[in-house]
Each structure stands twice: as structure tokens, then as C-alpha cells.
Amino acid sequence: MDHSSYTDEYLTNILEEVKTIAVVGASDNPSRPSNFVMRYMKRKGYRILPVNPGKAGQEFLGETFYASLSDIDVPVDMVDCFRNSEAVASIVPEAVAINAKVLWMQLGVFNETAAETAESAGLKVVMNRCPKIEFGRLSGEIAYMGGRSKIISSKRNKLLGKR
Amino acid sequence: MTDPKFETLAVHAGAAPDPTTGARVTPIYQTASYVFDDADHAAELFNLQAFGNIYSRLTNPTNAVLEERVATLEGGATALAVASGHAAQMIAFHTLMEPGDEFLASTRLYGGSITQFSQSFKKFNWNAIFVDPADPNNFKEALTPKCKAIFIESLANPGGVVTDIAAIAEIAHEAGIPLIVDNTLASPYLCRPIEWGADIVLHSATKFLGGHGNSVGGIIVDSGKFDWSASDKFPTLSEPNPSYHGMKFHETFGELAFGIACRALGLRDLGPALSPFNAFMIITGIETLALRMKAHCENALKVADFLQNHEKVSWVSYAGLKDDAYHSLAQKYTGGAGGAVMTFGIKGGYDAGIKMVENVNLFSHLANIGDTRSLIIHPASTTHRQLNEEQQIAAGAGPDVIRLSIGIENADDIIADLDQALMQS
Ligand SMILES: Cc1ncc(COP(=O)(O)O)c(C=O)c1O
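Note that the structure is predicted; figures quoted are calculated from it, not measured.

**Here we look at the interface of chain B and chain A**
Here's step 1: Contact with chain B, which involves 49 residues of that partner, is made by 30 residues of chain A.
Here's step 2: Across the chain B to chain A interface the summed buried area is about 3,200 Å²; carbon plus sulfur atoms make up 59%.
Here's step 3: Sorting the residues of chain B by area buried against chain A places Gln49, Phe51 and Glu68 of chain B first, and these three jointly supply 26% of that buried surface.
Here's step 4: At the surface where chain B touches chain A, the tally comes to 3 salt bridges.
Here's step 5: There are 14 residue pairs in polar contact (both at pLDDT 80 or more) connecting chain B and chain A.
Here's step 6: Only helix H1 (6-12), helix H2 (39-46), helix H3 (61-74), strand S1 (78-82), helix H10 (249-253) and helix H11 (257-270) of chain B provide two or more residues apiece to the side of chain B that touches chain A.

**Some points on the environment of Val201 of chain B**
Residue and element names in this part refer to chain B.
Here's step 1: Relative to the elements of secondary structure, Val201 occurs in strand S8 (residues 200-204).
Here's step 2: Measuring from C-alpha to C-alpha, the distance between Val201 and Ala88 comes to 9.7 Å, with 113 residues separating the pair along the chain.
Here's step 3: Excluding its chain neighbours within four sequence positions, the residues that come into contact with Val201 are Glu74, Val181, Asn183, Pro193, Ile194, Ile219, Ile220 and Val221.

**Digging into the domain arrangement of chain B**
Residues and elements named next belong to chain B.
Here's step 1: If you check the domain split of chain B, you get domain 1 (6-285) and domain 2 (291-423).
Here's step 2: If you average the C-alpha positions of domain 1 and of domain 2, the two centres end up 28 Å apart.
Here's step 3: Counting residues at the interface gives 35 residues for domain 1, matched by 38 residues for domain 2.
Here's step 4: Taken together, both faces of the contact between domain 1 and domain 2 bury some 2,900 Å²; the carbon and sulfur share is 62%.
Here's step 5: When the area that domain 1 buries against domain 2 is broken down by residue, the three leading residues are Pro158, Val162 and Phe208, summing to 24%.
Here's step 6: Scanning the region where domain 1 abuts domain 2 turns up 0 salt bridges.
Here's step 7: Taken together, the connections running from domain 1 to domain 2 amount to 11 residue pairs in polar contact (both at pLDDT 80 or more).
Here's step 8: Mapped onto the side of domain 1 that touches domain 2, the elements with two or more residues apiece are helix H5 (111-123), strand S6 (161-162), helix H7 (165-174) and helix H8 (187-190).
Here's step 9: Across the side of domain 1 that touches domain 2, the residue classes tally to 18 nonpolar, 14 polar and 3 charged.

**Thoughts on the site of the ligand**
All names here are of chain B.
Here's step 1: As a matter of local geometry, the ligand sits amid 15 residues, with Gly85, Asp182, Ser204, Thr206 and Lys207 nearest to it.
Here's step 2: Within the side chain of Asn157, a nitrogen or oxygen atom sits 3.0 Å from an oxygen atom of the ligand.
Here's step 3: Here the ligand loses 90% of its free accessible area of 390 Å² to cover by the protein chains.
Here's step 4: The biggest single contributor to the shell around the ligand is helix H4 (residues 85-96), with 3 residues.
Here's step 5: Counted by class, the shell around the ligand contains 3 nonpolar, 9 polar and 3 charged residues.

**Observations concerning the pairing of strand S9 (residues 218-222) of chain B**
Residues in a regular strand project their side chains so that they alternate between the two faces of the sheet.
Residue and element names in this part refer to chain B.
Here's step 1: With 5 of its 5 residues buried, S9 lies for the most part within the structure.
Here's step 2: Judged from the 5 bridges that link them, S8 and S9 form a sheet pairing that is antiparallel. The partner of Leu202 across the bridge, within S9, is Ile220.

**Some thoughts on the sheet that holds strand S10 (residues 313-317) of chain B**
Hydrogen bonds between backbone groups are what pair the strands of a sheet, and the pairing can be parallel or antiparallel.
Residue and element names in this part refer to chain B.
Here's step 1: Reading across from one edge, S10-S11-S14-S13-S12 is the order of the 5 strands in this open sheet, with mixed pairing throughout. Where the open sheet ends on each side, the last strands, each with one partner, are S10 and strand S12 (364-365).
Here's step 2: Relative to strand S14 (residues 401-405), strand S11 (residues 341-346) runs antiparallel, the two sharing 5 bridges. Within S14, the position partnered with Phe344 by the bridge is Ile402.
Here's step 3: With respect to the sheet, helix H13 (residues 289-308) is in contact with S10, S11 and S14, its orientation differing from that of S11 by roughly 10°.

So, how was this worked out
- Residues numbered from 1 in each chain as written.
- Chains lettered and ligands numbered in written order.
- Predicted model: local features only at pLDDT ≥ 70, side-chain atom pairs only at ≥ 80, totals over all residues.
- Heavy atoms only, no water.
- Contact = heavy atoms within 4.5 Å.
- Buried area = accessible area lost by both parts, 1.4 Å probe.
- Salt bridge = Lys/Arg side-chain N within 4 Å of Asp/Glu carboxyl O.
- Polar contact = N/O pair within 3.5 Å; in protein donor to acceptor, adjacent residues only side chain to side chain.
- Helix = DSSP H or I, 4+ residues; strand = E, 2+ residues; numbered from the N terminus.
- Domains from an automatic or database assignment.
- Nonpolar A, V, L, I, M, F, W, Y, C, P; charged D, E, K, R; others polar.
- Near = heavy atom within 4 Å.
- Areas by Shrake-Rupley, 256 points an atom, 1.4 Å probe, with all protein chains shown as cover.
- Buried < 20%, exposed > 50% of the residue type's maximum accessible area, 1.4 Å probe, protein only.
- Pairing = 2+ DSSP bridges.
- Axes fitted to C-alpha atoms, helices over the stretch in contact; angles between N-to-C directions.

Here it is, written out as C-alpha cells:
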């Protein structure tokens, strides 16, 4: 599929179906973007599973850092990649092996080949996006900070179910 | 809905019904502060890790509707509403400038902006270099290594001048700096500077956005396109921020970075927050922006035609006139429209100008533009009186200049009032 843009429906479906998110390249440094995303998504009701071999076994946000995706002992719905674009290639086989349903690459992360591999294994793929920003946008919350929800509607704003 | 048009966006953008009450019109959230869910939630909000409301100096849900409305109409990624147009300028520069930095500013600006830049900004050691925008190359020649932005008005106050946005945007981008456009006089109905390469668009929302002369406000729109990390020129956006535990705004917020930094640093610390009541008034005004701008422009063109042929008038500066020097630029940037504001020269100079503003009955003699009412002022004795005569002439506000902001009354009545006042002056 074309990854230059996504419909709101495609992203909403992902954010509504997913319950657990493994974050590869997770940092426990509170000033890093991955830390912002994990805290936000956790508050929205997702279970966050941080992956970082350098931190394996340490406690974080009520969870434990895992060394790799295959070490995670609960079903993982989505793999969120905070790694450089090339590193995503090595994440895909693991994401497929653990039956993840979504491969998400963060803002600035692009890998078309990895996306194709993941898609042919049945995963949905998002690249160069941030789930925090997309959740904030689709729920309308991002407008509190001056961002655009892009919602034009005469219906009550259906905040995404997870709050 | 696929691609709603301008008029639809002006009514709806940002303003879905209130999720809790179903209120159809945007409620005025008249509250100073907001409860936290728990201590962690409070910490996440203060750290900018969550999107939400803390305190109305920073965010307010009514203001948020105004912000999304204007960001949408301008085609930007983010907007920040503040207490006035001048506050918008101060906060935009606060995000871009360090002490000792410089920026280029057009000489064709609202007189108050020239004073803000040349007097008050000096106290922050931000140094404006003024450039005649008639030839865009003048900006190229004036650039210095310390320049952090170029500032112009699209349609310039006090009137008649159209600035070549695309040409100046190219010069700014070659120098690795953003172009800031004050789009107050054109409004996004006539011109959307981001489509021509501008990076940041500012408004005095007091004027055509609000449109009824009843509320002071300002707004900063960011295109989200400028790469703040491409150089070391913009440390506020690209470097770790000590007041947010070393977080880097551009890395963390991507295209939202400038808007969030203006809010979370400039507005947080300098403090010029917009009251939600004023935001409500401006939101309501914007719903009729297209109708009003059409009426302003039609009336103004009739007035300019009338003045051109009047015995007491020596010249008219209005880019909507086909033979005006700026009409070809107007065709490019505003579809040929000249907006509501124009200047003309009155025979008899300074003294005749003063008589004229005292002799009107329908026009209001006051310092504002962009009202439903027709307004008149003699800039040399009022808005531009802080400038010396040379600066006044450079700003298009010499001693014989009268500025009009044409309202949406009936054109015949407007013209009749001008005629009688001119004949007495
Ligand atoms: C073009 C322009 N920019 C900025 C301003 C300043 O806006 P405010 O009066 O809302 O501070 C004005 C006000 O007259 C203006 O006309």
C-alpha cells in the first residue's frame, strides 16, 4: 500500500483494535520522544511493553524492559519502532514471529522493503507517524495544544474509546 | 467530508459539538484552571507528555477552537491564539531569537509594529533591520549571518502595498531562515501566504478575523514545514530545553514544534493569554469572514474609484484599482482584490488631513481597521506619530495621507460622507 498518507479510518481502526504495544528502542530518559509516547499511550489504556537490550530486567511504568520482542510473554498487538530506518529490517521477522498485527514506524522512520515484508505476512503498517500525535489528532485532544484535529462534523466528537 | 471549501471551514473547522453537553455553538470555557486526574497526570501535563489543559494562560478549550479554525483557513499545522497582534509578534520572535540576533523587516508595516521592532525589541537585544520591500532583492542584500527571520505584511498597512511573498520566501529559505507574514489586512480569504512559501503567518485578530471591532486578539500560525534542526540558528527548537528536562522541541513534536514552543515557552513565561470571551467573539466573527471580505472589497473598490476622480484628492493607493502600481502583484496574491484598507493624498496636506477626519459623520475617526463600520484616520498625527517624517513617508504615512478602512455599509452612503467631508476640508 501507499505509505505517503493514511485515511483517518485506517489509523482509527488500528488504534481501536490494538491493546498491547511493544516499543522497540524504548528509553527510560524522560526527555526522549519514546518516553513521551509510552506515558501518553499507557494513560490512554494501552499496555506498553518496553524493549531495549541495554535495560533488560529494569522496571519502567509498571512493566519490565525486555531484551527483545521474542522475550515478551504476552500477546503483542503492535510493534512501535523507535529505531533508525535500516534497523527496522531486523525487527520485522521478530514482529511476524510473535504474531503482531501492526508494525508502526515513528516520525522520521521509513523502510519500504520492511513494510512490504510485514504486509505480505499480514501485518498492517504505518510509517513516519507518531501514535501519540495520531491518537491526539483523532480524539481531538491535539487541538488543546494548537494542533489540528481536521475533524469537520456536526456530530458529538467520538473520542476514541480508550481514555 | 472530502475537501470542504473555505466558507464551510470558516464556519466549522475546530468546532464539532461539545462532546459532553452537545452544545452546538462553542462554549466559553470561563475557567482559569483544570483538574488533574491524579498526580502522574499532572506531571505528564507539565512535562508536555500529555495533551490537555492545565491553566488558561497556556491552553483553553474555547481558544483551541479559534486556533484550529485559523490554522485550517491558513493551511498551517498549528496555531496559537494570544492577547493581541503585538503579542503574537513578540512570542513568535521570542521562539526564534537569541539576544544579539537580527531580523529583516519590511518598511511597509503597521506603524505600531515598526515601533515595537525598533524600540521595545531592542531591550531584548533583538535587532530589526528595515528593508524597502519594493524590490525583493533588497532583502538579499541586507541579510547578515545573525539574521533569524524576514518579516513582511502581505497587504501592508496603511494601505495599497502588496508584498511579493514568493520572491521573499525564496530569499529567506536560501539563507536558512523562515519568512513571517503578517496577513492581517488580507485575511486568509484573500491570501494564504503559506501557499506562497511563508513559514509563519501572524494576525491581529482584532481586525478582519474578528471583524466587528469588539475584541483585541492575535494569532500565530505555523506551516509545520520549516526544518528547525537543519542548522544551529534556532536553539530554542533544536537544542535540549532546560525547563523541560532537556527535551528537544523539534525532535519531539515534529511539525507541531514551533506552535508548541511558542505556547510552552513564550506564552508560559511572557504571559499574554487571550481571554476565552474574546476568542468566542473572534470565532463568531470568522464564521462570516468570506461574506464580509467580499463586501469590504466591493465597497472599497467603489470608494477608490470615486476618490481617484475627486478634485480634492491628489492620489489614491489601492491595489484593487486596475491602474495601481501594485495591481499585478494583487492579481497574483489576492485574486486582484485590494482589501478594505486604502490611503489617499488630500490636497492641502497635514492641515487638510486633520480637518477631513473631523468633518466625517458616518466614518468613525479612530485607530483601528477591519470593522464592519467605515473608519478613517490621519496616520501622521496618530498611528505613525512616533516616527520621524522620513520614516512616515517610508511607511506610506506622510503628512497628506488619509487612511480608510471601508466597512460593509451601503457604498453610496460611504461615498456621500467622504464627499461632504472632502468638500469642507
Ligand atoms: C497589520 C497589523 N499588524 C499588527 C497589528 C497589531 O495588532 P494588535 O493591535 O491586535 O496588537 C495591527 C494593528 O493595528 C495591524 O494593523
